[in-house]
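# Breakdown of the fold
This is what each chain is made of:
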Amino acid sequence: MKRYDLIIVGAGPSGLSAAIEAAKRGMKVLVFDENEKPGGQLFKQIHKFFGSKEHKAKIRGFVIGQQLLEEADKAGVEVVLNATVIGLYQDKEIVVRLGETIEHIKGDAIIIATGASENMVTFPGWNLPGVIGAGAAQTMMNLHGVKPGQKILMLGSGNVGLVVSFQLIQCGCEVVALVDAAPRIGGYGVHAAKVARTGVPFYLSHTIVKAEGEECVTGVTIAEVDSHFQFIEGTEKHFDVDTICLAVGLSPMSQLLKMAGCQMEDNPKRGGQVPICDEYGRTSIPGIFVAGDVSGIEEASSAMIEGRMAGLAAAEYLGYMEETELDTKLQELDAALDGLRQGMFAPKNRGKEIRETEEGIAVSQNLLTHGYIADDEIERFPGFTHRKGIHPVIECTQNIPCNPCQDACPKGCISIGANITSLPIAVADADCINCGMCVASCSGQAIFLVDEDCGDGTATITLPYEFVPLPEAGTKGIALGRNGQKVCEAEVVAVKSLKAYDKTNLLTMRVPKEYASTARFFRAEA
Amino acid sequence: MNQINDRSRDIGEYVPAPDDDMIICRCEEITKGEIRRAVHDGMFTLTEIRRYLRTGMGLCQGQTCSKLVKGIVARELKVSPADLEPATSRAPMRPIEMRIFANERKEDEGHE
Amino acid sequence: MATRIKTHPILGEIEKGRKVTFLYNGKELQGYEGEPIAAALKAEGVMVHRYTKKQHKPRGIFCAIGRCTDCVMVVDGKPNVRTCVTPLKEGMRIETQYGVSNQPFEEQ
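Along each chain, residue indices are assigned from 1 in the same order as the chain's sequence is written. By the order in which they are written, chains take letters starting at A while ligands take numbers starting at 1. Under the rules for a predicted model, residues below a pLDDT of 70 receive no local features and side-chain atom pairs below 80 are neither given nor counted, while totals for whole chains, interfaces and linings still include all residues.

## Focus: the overall build of chain B
In DSSP terms, a helix is any run of H or I states spanning at least four residues, a strand is any run of E spanning at least two, and both are numbered starting from the N terminus. For chain B, the count of helices and strands is four helices and two strands. Taken from N to C terminus, the helices and strands of chain B fall in the order β-β-α-α-α-α. Here the C-alpha atoms of chain B give a radius of gyration of 18 Å, more than 25% beyond the 13 Å that 2.2 N^0.38 yields for 112 residues. Three exposure classes are used, all based on how many other C-beta atoms lie within 10 Å of a residue's own C-beta (placed from the backbone): buried at 20 or more, exposed at 12 or fewer, and partly exposed between those limits. Counting over 112 residues, chain B shows a buried share of 33%. Contacts here follow a simple rule: the backbone-placed C-beta atoms of the two residues must lie within 7 Å. At a minimum sequence separation of 6, the contacts of chain B that also span at least 24 residues come to 56%. Radius of gyration means the value over C-alpha atoms here, while the globule rule gives 2.2 Å times the residue count to the 0.38 power.

The following block contains the structure:
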């Protein structure tokens, strides 16, 4: 039977990261993935990631995927695709299906990095063609270049639901509504805001009554629910749709570990059935490690760090590393991982209702219930200031670990400080040169460059614009407010698309100056 | 004995509900009502439900329905889903044709 | 029905293989070599991939990554082929699956 130092199941961000670390230390590493292409969900992520520079912030998911693949290639990692691991046994033997044959392979160490699968929610009509998972929408749009549908209702306001809704709009679909049974939006406020300002209505405390259609989805009815998730009579709303997207959570795919006999636990904070493991991914069976979503649902940034930890732990287990060296390396990675696990959406804060930021500012309730900051709420945040001349307005109002805006400005106009979850502050007395780097660098698309008074009764607002067709200078249209409703007439002054902006175009529009603090999106139409 | 598996425990009568005809196991087309009735027939564990009804034994091997089935059975037993032992996990973890399962790649003579 | 994305604001021009012709229930349709059969069908407006064995209900793409098996069809005579992860080839014969066969239920 063939034998490898390390066999990794799953070539997603955590699996590849583990493979790279282990291979760098001289181990013979084999990675199996059941898909045709490696990278897991990473290549479907077309948005810029959050975090700090060490977390690859500001870089788009699929670019990080390409970088990982190149690094794995250079380190001599062997990735076998279309390889479905169908069994894992306690003595670290793997049974894998390769095409028309199966093979038994032994690993001296095994890392399971199989990720997670989507949860389901049932309602009459949920089996109809047209009801798809959010991951399915992403796969079709971003991997295959096909629109999942024309008119779509999204169920779920976690980061997946919010991000996929935005991606649907980017590829030309119409998102008619974003619905969640919970009373508050589960994902980042900035993700919700960039969807809301395009005009998508949010229906919190609502869920689907039924999907209509004979051969496929033709419509959907939603209704409000009370605190016990029971429908409230008379609150039904109907939408004509051809697609319903479900983004209702992820569950770890940990069956292989259970099969091998690892100690498991049902941990709702981690997403369900997870192996009991230490903070470096060691399970109850020596030599079997875990990394990424399979050990607890988080995100790609955490998965990559966990992968590297597991890779190092496996290296030490097999004697390719000294324990002391391992401890130092693990401490560094642990600090990086800990940096991500802070703020309002940290795993430790899951389920808690947070009413104030770390700075003591009341969070925007409207953002949590409708997806946009109300015009009278924005004034209390440190990123929002009134000033003469062009200046950045940073509408980032929740504590999340993220700071590319600080580094983006060459003039020091934006400050976050050492604690990367702090709210960004628009620095007083800083000289904005209108380079636009802050607008382009904000992964949450929450920064605008505003000139509140051009002297002729108008104001200009520069906003991030990642849609096609790209309007041209001179195009007349309307400006939408944070809530996606029309606030006034607008005209495009300029559209800048520099390489440094990495596909985030900067659209500058002119509006009557009384709308300088409310106009936040442009639509080219009467 | 695990308190949940104690079949002499009274879990109440099966009460029909309006959504009993909702399909839960998509592959085998098993409805919510069938699952709930199975619990009252004495199937208190997920492994038994799977054997009794074939939920999780269809083409997708439980990838889609297992969490849903768990929730329905737990509610019928009046316990938390976290208290239910998941159905046995065994190879093959993914559906595989018999002829491939039996087609073991031949090793070269001699070991590496 | 314009369901293919021509230019994507982030991904640019989506690269495809060469254009090929395939048969869907006897009808000639076009797609791109190597893309999943399901993607080619979606672009041509096909929603129903199969009808279930017991209740004869329509099913289509659900997970799009080969896990849920709702998108299976009869491909080149073989049933239960997951169209969302099977690459399209020139001349492929794709048929709606009824239960586990390509024959409508009345004829089974």
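And the narrative resumes.
## Remarks on the sheet that holds strand β23 (residues 447–451) of chain A
Residue and element names in this part refer to chain A. One bridge is not enough; two strands pair if DSSP finds at least two bridges between them. Here we have seven strands laid out as an open sheet, ordered β20-β23-β24-β27-β26-β25-β28, and antiparallel in their pairing. Since the sheet does not close on itself, it has two edges, and those belong to β20 (390–394) and β28 (521–523), each with one partner. Across the sheet, the mean angle from the axis of one strand to that of its neighbour is 35 degrees, orientation sign disregarded. Note that β20 and β23 share five bridges and pair antiparallel. Angles shown run from 0 to 180 degrees and are taken between the N-to-C directions of axes, each axis being a line fitted to C-alpha atoms and, for helices, limited to the stretch in contact.

## As for helix α2 (residues 46–53) of chain B
All names here are of chain B. Among the residues of α2, L46, I49, R50 and L53 are the ones counted as buried. For α2, the buried positions fall inside an angular range of 100 degrees around the axis, keeping them on one side. Buried residues in α2 make contact with β2 (30–31), α1 (32–40) and α3 (66–77). Backbone geometry just after α2 places R54 at a positive phi near 80 degrees. Think of the arc as the fan of directions from the helix axis to the C-beta atoms.

## Brief notes about the interface of chain A and chain C
With 31 residues of chain A in contact, the opposing surface of chain C contributes 28 residues. Going through the elements one at a time, β7 (116–118), β8 (131–133) and α3 (134–143) of chain A are the ones with two or more residues in the side of chain A that touches chain C. Under this grouping Gly is polar, as are all residues other than the nonpolar Ala, Val, Leu, Ile, Met, Phe, Trp, Tyr, Cys and Pro and the charged Asp, Glu, Lys and Arg. The residue inventory of the side of chain A that touches chain C, partitioned by class, reads 13 nonpolar, 11 polar and seven charged.

## Regarding the environment of A116(A)
All names here are of chain A. With respect to the helices and strands, A116 occurs in strand β7. Distance from A116 to E325, taken between C-alpha atoms, is 31 Å for residues 209 residues apart in sequence. Apart from the residues within four sequence positions on either side, A116 is in contact with L250, S251, P252, M253, G271, D293, V294 and I297.

## Examining the interface of chain C and chain B
Each partner contributes residues to the interface: chain C has nine residues there, and chain B has seven residues. Taken together, the residues of the side of chain C that touches chain B break down into two nonpolar, four polar and three charged.

## Description of unusual backbone geometry
Along the chain, V468(A) connects to P469(A) via a cis peptide bond; the corresponding omega equals 0 degrees. By the element assignment, P469(A) lies in the loop between β24 (458–465) and β25 (476–480). Cis rather than trans, the peptide bond between A91(B) and P92(B) has omega equal to -5 degrees. Here P92(B) lies in the loop between α3 and α4 (98–101). Its identity is not glycine, yet K58(A) carries a phi of approximately 80 degrees, on the positive side. You will see that D429(A), though not glycine, has its phi angle at about 65 degrees, which is positive. Structurally, the position occupied by D429(A) is in the loop between β22 (425–426) and α11 (437–441). The class of D429(A) is exposed, set by 7 C-beta atoms lying within 10 Å.

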